[in-house]
Amino acid sequence: MEARRVTFYRVYGFSAAHRLHAPWYDEMKNFEIYDKCNNISGHGHDYRVEVGVSGTPDARTGFIIDLVDMDKAVQSVLDKLDYKHLNKEVPYFRDRIATSEHLIGFLWQELEKALPAGKLYHIKLWETNNNYFEMERSATR
Ligand code: NI
């Protein structure tokens, strides 16, 4: 029997602060683009992140990934963000605006390294209850 790919999703959370500010624009332009998110003191979010891993079930365990291993891998990445000020404490954002578009890129880069090779399939990142962002591995991998 041919083994079918299965995707497993698990939801995690972390809290972080950021400020949306582009050094290549002046103060007026920054305020125009980012409005209150440009506030010099920054502001925080309780982010939620859904991580999807895909594969075929292991012949012996029946799992596509060991849950404890997955939690450890994901947590090691979230620890780089949790209770941090993204602009000031996470080097990835030294030359990138700390938007969720870039934050999900950081999560992809780091989770790809932390999880078993080829398992990461999908990430969903909620910045607020109303806004979320997604990244998915392309079908042509
Ligand atoms: Ni924000």
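Everything below is about the structure shown above.
Presented here is a report on the structure given in the accompanying data block. (Residues numbered from 1 in each chain as written. Predicted model: local features only at pLDDT ≥ 70, side-chain atom pairs only at ≥ 80, totals over all residues. Heavy atoms only, no water.)

Evaluation of the coordinates by the stated rule reveals seven salt bridges. A salt bridge links R96 to D95, with the shortest nitrogen-to-oxygen separation between them at 3.7 Å. On the basis of relative accessibility, which here comes to 32%, the residue R96 falls in the partly exposed class. Here E110 ties to K113 by a salt bridge, and the two come within 3.3 Å at their closest N and O atoms. Of this pair, E110 and K113 both sit in helix α4 (residues 100-114), separated by three residues, roughly a single helical turn. (Salt bridge = Lys/Arg side-chain N within 4 Å of Asp/Glu carboxyl O. Buried < 20%, exposed > 50% of the residue type's maximum accessible area, 1.4 Å probe, protein only. Helix = DSSP H or I, 4+ residues; strand = E, 2+ residues; numbered from the N terminus.)

Residue placement: E50 occurs in strand β2 (residues 43-55). Here E50 is buried and forms no salt bridge, its nearest opposite-charge partner K124 lying at an N-O distance of 4.5 Å. A distance of 3.3 Å separates a polar atom in the side chain of E50 from a polar atom in the side chain of H122. With sequence-adjacent residues up to four places away left out, E50 is seen in contact with Y9, R10, V11, H122, I123, K124 and W126. (Lys, Arg positive; Asp, Glu negative; His and termini not counted. Polar contact = N/O pair within 3.5 Å; in protein donor to acceptor, adjacent residues only side chain to side chain. Contact = heavy atoms within 4.5 Å.)

Distances and angles like these do not, on their own, reveal function.
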